[in-house]
Amino acid sequence: MTAELPNSPLIKEADWNYALWWKRISKDNIQARYVSPFAVILHQEGTYPKIGKGTWIGHFCLIDGSQGLEIGENCSISSGVQIYTHSTHKKAAYDMPKMVAPTKIGNNVFIGPNSVVSLGCTIGDRVIIAPVSFIAPFSDIQPQMKVEGHVHVTRWSKTRDE
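Calculation rules
- Residues numbered from 1 in each chain as written.
- Predicted model: local features only at pLDDT ≥ 70, side-chain atom pairs only at ≥ 80, totals over all residues.
- Heavy atoms only, no water.
- Helix = DSSP H or I, 4+ residues; strand = E, 2+ residues; numbered from the N terminus.
- Buried < 20%, exposed > 50% of the residue type's maximum accessible area, 1.4 Å probe, protein only.
- Contact = heavy atoms within 4.5 Å.
- Areas by Shrake-Rupley, 256 points an atom, 1.4 Å probe, with all protein chains shown as cover.
- Pairing = 2+ DSSP bridges.
- Core = buried A, V, L, I, M, F, W, Y, C linked by side-chain atoms within 4.5 Å.
- pLDDT = per-residue confidence, 0-100.
- Polar contact = N/O pair within 3.5 Å; in protein donor to acceptor, adjacent residues only side chain to side chain.
- Phe/Tyr/Trp six-rings, centres within 6.5 Å; stacked < 30°, edge-to-face > 60°.

Description of the overall build of the chain
When helices and strands are tallied, the chain shows 2 helices and 19 strands. Out of the 162 residues in the chain, the part that is buried amounts to 41%. A separation threshold of at least 6 residues defines the contact pool for the chain, and within that pool the share at least 24 residues apart is 19%. Entry remark: accessible area of the chain is about 9,300 Å², with carbon and sulfur atoms responsible for 53%.

Okay, here's the thing in structure tokens:
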């Protein structure tokens, strides 16, 4: 696979090669502009999260793509962000099944440092999530919103078991 290294003093050749490696093994599902070599992207055998072109994933991020994750184009995932598609808290505390749900993040989304996006969330286009925010499970954030702190915006569904 050949590609030109972007003309930027901030991107080192090793980092660029790491992003190309992710693109190759994910069969082009991961189109990110930059994936930190210190970020962790979880996936199940043969399935990968979909990460759009121009997206930047910073150092020490945990991206859980094991249950269906889509991240749009031109997103900025700051350092220390955690994005989940599953939760085992009910399994550990109550011996109930592990909770799983896909998470979708739109285009041009900024997620501030050390924020957490829980399973089943839908985040619209052009959303800004302030640093150290917690987006609760199954939240639905409409396009062009700025959110901070503990956010729980619920979509109503009679089929969801709580």
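Looking at the sheet that holds strand β12 (residues 110-111)
The 6 strands are arranged β1-β4-β7-β12-β15-β18 in an open sheet whose pairing can be described as parallel. Only two strands of the sheet have a single neighbouring strand rather than two, namely β1 (34-35) and β18 (146-147).

Regarding the nonpolar core
Formed by 27 residues in total, the largest nonpolar core has its most connected members in Ile 63, Ile 71, Ile 77, Ile 83 and Ile 111. In this structure Ile 63 touches Val 40, Ile 41, Leu 42, Ile 57, Leu 69, Ile 71, Ile 77 and Ile 83, once residues within four positions along its chain are discounted.

Overview of the confidence of the model for the chain
Atom-level detail of predicted coordinates should not be read off regions where pLDDT is low. Predicted confidence across the chain gives a mean pLDDT of 82, with 78% of residues reaching 70 or more. Of all helices and strands in the chain, the one with the weakest mean pLDDT is helix α1 (residues 13-25) (55), whereas β12 scores best (98). Taken together, the stretch residues 1-6 has pLDDT below 50 and engages in 11 contacts with residues farther than four places along the chain or on a different chain.

Observations concerning the side chain of Ser 78
Mapped onto the secondary structure, Ser 78 falls in the loop between β7 (76-77) and β8 (82-83). Leave out the neighbours within four places in its chain, and Ser 78 touches Trp 56, Gly 58, Cys 61, Phe 110, Ile 111, Gly 112 and Pro 113.

Some thoughts on the sheet that holds strand β16 (residues 134-135)
The sheet built from 6 strands is open, its strands ordered β2-β5-β8-β13-β16-β19 with parallel pairing. Every interior strand has two partners, whereas the edge strands, β2 (40-42) and β19 (150-151), have only one. Alignment of strand β13 (residues 116-117) against β16, held across 2 bridges, turns out to be parallel. Looking at the pairing, Val 117 lines up with Ile 135 of β16.

Focus: the environment of His 86
Note that His 86 resides in strand β9 (residues 86-87). Spatially, the C-alpha atom of His 86 lies 7.1 Å from that of Lys 98, the residues being 12 residues apart in sequence. Dropping the residues within four chain positions of it, His 86 is found in contact with Asp 64, Ser 66, Gln 67, Lys 98, Met 99, Val 100 and Leu 119. Of note is the side chain of His 86, whose polar atom sits 2.5 Å from the side chain of Asp 64.

Some words on the packing of aromatic side chains
Within this structure, the stated rule accounts for 2 aromatic pairs. Their ring planes at 20 degrees and their centres at 5.4 Å tell us that Tyr 34 and Trp 56 sit as a pair that is stacked. In this pair, Tyr 34 sits in strand β1 while Trp 56 sits in strand β4 (residues 56-57), placing the two residues 22 residues apart along the sequence. Residue class for Trp 56 comes out partly exposed when judged on its relative accessible area of 26%.

Some remarks on the environment of Ser 66
You can see Ser 66 is positioned in the loop between β5 (62-64) and β6 (69-71). Looking at Ser 66, the relative accessible area reads 15%, which means it is buried. For the pair formed by Ser 66 and Ala 101, sequence separation is 35 residues and the distance between their alpha carbons is 9.7 Å. Not counting chain neighbours up to four residues away, the residues in contact with Ser 66 comprise Leu 42, His 43, Gln 44, Thr 85 and His 86. Of note is the side chain of Ser 66, whose polar atom sits 2.6 Å from the side chain of Asp 64.

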